[in-house]
Amino acid sequence: MKNKDYDLICVGAGIMTATLALITKILKPELNILILERLDDVALESSAAWNNAGTGHSALCELNYCPKKDGSVDISKAIDICTQFEMSKQFWSYLVAQKLIDKPKSFINPVPHNSWVYGEDNTDYLEQRFQSLKEHFMFDSIEFTKSIDKMKEWFPLIMEDRDESDIMAGSRIERGAEMNFGALTKKLFQILESDFNVTVSFNKEVQDVDPDKNIEWDVITNNRITDETRHLSAHHVFIGAGGGSLLLLQKVEIEEKEGYGGFPVSGAWLVCKNEEIINQHHGKVYSKAGPNDPPMSTPHLDTRFINGKRELLFGPFAGFSPKFLKEGSYLDLFKSIKIDNIKPMLETFWDNLPLTQYLINQVTMSFDDRMDDLRKFYKNAKNEDWEYKIAGQRVQIIKKDEFQGGQLQFGTEVISSKDGSITCLLGASPGASTAVKIMLDVIEKAFPEIIENPRTLNKLQEIIPFYKTEVTKELFEKELQKSKELLEL
């Protein structure tokens, strides 16, 4: 690796870095970009297929995006998430149209998105949500039913041995997507290498990022194989290292990092081993999290397509590990505790005792306990047909809060220096699904000249028509049809 000035150094070789580097190179090909990855391949942490749910998050079935406020259902977040996922699809469609990506079914497949609830209060809520979504053009194809027979058509496994006395309801939107973000990430890096001469330098642990008086930043790396230390100069740095981002951000000398902490949560699935059962279910079926459970605990029974094979997963189940990455250190959590974040972290702990209780309950669950949870969905599930599989590691954001002292935040957030020369992505879901919108936010901070230039802005809006544009019904339907054809949905 030559010591030279880079316009952009990206830390971490996941879906976020791949998206940022590729959009940036398409818009400004002369930029010199380097990607550093601590492991020996791309997409081995959060982006890997088994390490996430693979849901194309577009608020079609996820009930936490439609909270109930003052007696009515608020769909504003659902509209926002749906718009962002469509922006991602538009970018991928552009890559297919340009013949930079082939075989889109290797990373995206059409799978109906369903919601299913039981109990009178929950069925009333689901109907109210249906009425609210139905009035908006993004969701006007939604169906709703309380009919057992109709739900048997939609998700027969869940309806086995149910009868008319059961109070339950379901909703469905056919155009849902199932994602293999690992496969997509690999394709994006292949484009970067073959068409834009951007390579990934593997087994490079970034130890620190220091201010550099001659340029902007001095990126200090350690080769995990040879133990060699190198100093690399960069005008811009993007930290997109998943759970590992927080620890590196804390070393960077910018005031915007102050007060941020992280709470690590591991995930796991029950995975079906019986092909006959796998083939009886086609869809993603999301239900409602318990009253004191976090949004990430929303149970769902999902069809997946991983490496060409159809799978059936149930979960997620939460666990606790002090690691910030699956391949991280057991000291990560303790290393992250600093003078400026200890108060927000303690306040967050006391304010979220139900979350702590939830995690304790999850960690102490036996395999039989987990199967009992599955049987609330699929009554006839047999232990011998399922196995327990560990998924990825997530770090939820903890930040200072003016009123509460500390706040646990679900979702993602971009932290940036005032001049935008260093940016860092913290948080988790719906991350990968909305990667394009999130990375456009990074470009706005780091490379405002790209957005301010009418030529590159026009090109960007050709690639992603929803960018900085009012999304009308006509535009939405036109672009939905276009991505449906190009992505073979």
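Above this note sits the structure.
A.B. asks: Before we move on, can you summarise empty space enclosed by the protein with the specific residues and values?
C.D. replies: In this approach, a probe sized like a water molecule rolls over the atoms, and the result shows the empty space that is left. All chains considered together, the criterion is met by two cavities of 30 Å³ or more. If you add up the space inside the largest cavity, you get close to 40 Å³. If you go around the largest cavity, the residues you meet are Gly56, Ser58, Leu60, Phe85, Glu86, Lys89, Arg175, Gly176, Ala177 and Leu489. With three residues, the single largest contributor to the lining of the largest cavity is helix α2 (residues 76-97).

A.B. asks: Give a detailed account of the environment of Ala183, specifying residues and quantitative values.
C.D. replies: Locating Ala183 in the fold gives a position in helix α6 (residues 181-196). Considered as a pair, Ala183 and Ile15 are 168 residues apart in the sequence and their alpha carbons are 9.8 Å apart. Residue contacts for Ala183: discarding those within four places in its chain leaves Ser106 and Phe107.

A.B. asks: Lay out a nonpolar patch on the surface in plain terms, naming residues and giving numbers.
C.D. replies: A cluster of nonpolar side chains, contributed by Leu331, Phe334, Ile337, Ile342, Leu346, Phe349, Trp350 and Leu353, occupies part of the molecular surface with about 800 Å² of accessible area. Counting residues per element, the nonpolar patch draws most heavily on helix α10 (residues 342-351), which supplies four residues. Within the secondary structure, Leu331 sits in the loop between β17 (309-319) and α9 (332-336).

A.B. asks: Residue-level account of the packing of aromatic side chains, with values.
C.D. replies: Using the criterion set out here, one finds eleven aromatic pairs in the structure. Pairing Phe130 with Phe144 gives two aromatic rings, centres 5.4 Å apart and planes at 25 degrees, and the pair type is stacked. Remark: Phe144 occurs in strand β7 (residues 143-145) and Phe130 occurs in helix α3 (residues 120-134); sequence separation between them is 14 residues. The two residues Phe130 and Phe144 agree in class, both being buried. These aromatic residues form a ring-pair network of at least three members: Trp116, Tyr118, Phe314, Phe317 and Phe377. Positioned above the aromatic ring of Tyr330, the side-chain terminus of Lys323 is 4.6 Å from the ring centre.

A.B. asks: Can you explain the pairing of strand β6 (residues 113-118)? Please cite residues and give values.
C.D. replies: The buried fraction of β6 amounts to five of the six residues, a majority that puts the element mostly inside the structure. By the bridge criterion, six bridges tie β6 to strand β8 (residues 168-173) in an arrangement that is antiparallel. Residue pairing for β8: Val117 is matched across the bridge by Ala169. Where β6 and strand β15 (residues 284-286) come together, three bridges link them in parallel fashion. Within the sheet, the bridge partner assigned to Ser115 lies in β15 and is Tyr286.

A.B. asks: I'd love a proper account of α2, names of residues and values included.
C.D. replies: Helix length check: α2 (22 residues) gives 31 Å between terminal C-alpha atoms against 32 Å at 1.5 Å per residue, within 8%. α2 sits mainly inside the fold: 17 of its 22 residues count as buried. In the stretch just after α2, Lys99 is the one whose phi turns positive, near 60 degrees.

A.B. asks: Can you break down the side chain of Thr423 residue by residue, with the values?
C.D. replies: Tracing the sequence through the fold places Thr423 in strand β21 (residues 422-427). Not counting residues within four places of it along the chain, the set of residues in contact with Thr423 comprises Val237, Phe238, Ile239, Val414, Ile415, Ser416, Val442 and Lys445.

A.B. asks: Tell me about the pairing of strand β13 (residues 229-239), residues and numbers included.
C.D. replies: With eight of its eleven residues buried, β13 lies for the most part within the structure. Sheet topology note: the strand β1 (residues 5-11)/β13 ladder contains six bridges and is parallel. Counterpart to Cys10 in the pairing with β13 is Phe238. Direction of pairing for strand β12 (residues 217-223) relative to β13: antiparallel, over a ladder of six bridges. Note that in β13 the partner of Trp217 across the bridge is Ala234.

A.B. asks: Outline the pattern of salt bridges, listing residues and values.
C.D. replies: Note on pairing: side chains with opposite charge can pair once their charged atoms come close. Per the stated rule, a full pass over the model turns up 22 salt bridges. The closest approach of N and O atoms between Glu275 and Lys309, which form a salt bridge, is 3.3 Å. Of this pair, Glu275 sits in helix α8 (residues 275-278) while Lys309 sits in strand β17, and the two are 34 residues apart along the sequence. Overall, Lys309 belongs to the partly exposed group, its relative accessible area being 37%. Note that Asp441 and Lys437 form a salt bridge whose closest N and O atoms lie 3.0 Å from each other. On the criterion of helical spacing, the pair formed by Asp441 and Lys437 is a turn pair, its members being four residues apart in helix α13 (residues 435-446). Through salt bridges with shared partners, a single network forms among Glu178, Lys284, Asp302 and Arg304.

A.B. asks: I'd like a rundown of unusual backbone geometry, residues and numbers included.
C.D. replies: In terms of backbone geometry, most residues other than glycine have negative phi values and most peptide bonds are trans. Going from Gly315 to Pro316, the amide bond is cis rather than trans, its omega being 0 degrees. Within the element layout of this structure, Pro316 appears in strand β17. Here Asp70, not a glycine, exhibits a phi torsion of approximately 50 degrees, which is positive. As for its position among the elements, Asp70 is in the loop between β3 (68-69) and β4 (72-73). By relative accessible area, which is 85% here, Asp70 ends up exposed. In this model, Asp161 sits at a positive phi of 65 degrees, which is unusual for a non-glycine residue. Here Asp161 is to be found in the loop between α5 (156-159) and β8.

A.B. asks: Tell me about α3, residues and numbers included.
C.D. replies: Taking 1.5 Å as the rise per residue, α3 with 15 residues should run 21 Å; its terminal C-alpha atoms sit 21 Å apart, in good agreement. All of the buried residues in α3 are Thr123, Tyr125, Leu126, Arg129, Phe130 and Leu133. The buried residues of α3 occupy an angular sector of 155 degrees when projected down its axis, which confines them to one face. Opposite the buried face of α3, at more than 90 degrees from it, the exposed residues are Glu120 and Asp121. For α3, the elements touching its buried residues are β3, β4, α2, β6, β7 and β8.

Calculation rules
Residues numbered from 1 in each chain as written. Predicted model: local features only at pLDDT ≥ 70, side-chain atom pairs only at ≥ 80, totals over all residues. Heavy atoms only, no water. 1 Å grid on protein atoms, 1.4 Å probe; cavity = no way out; pocket = protein on both sides within 12 Å on 5 of 7 lines; lining within 4 Å. Points joined across faces, edges and corners; volume = space filled by probe spheres on them. Helix = DSSP H or I, 4+ residues; strand = E, 2+ residues; numbered from the N terminus. Contact = heavy atoms within 4.5 Å. Patch = residues over 30% accessible without salt bridge, like charges linked within 9 Å, V, L, I, M, F, W, Y side chains within 5 Å. Areas by Shrake-Rupley, 256 points an atom, 1.4 Å probe, with all protein chains shown as cover. Salt bridge = Lys/Arg side-chain N within 4 Å of Asp/Glu carboxyl O. Phe/Tyr/Trp six-rings, centres within 6.5 Å; stacked < 30°, edge-to-face > 60°. Buried < 20%, exposed > 50% of the residue type's maximum accessible area, 1.4 Å probe, protein only. Lys NZ or Arg CZ within 6 Å of the ring centre and 35° of its normal. Pairing = 2+ DSSP bridges. Expected span 1.5 Å × (residues − 1). Arc of directions from axis to C-beta.

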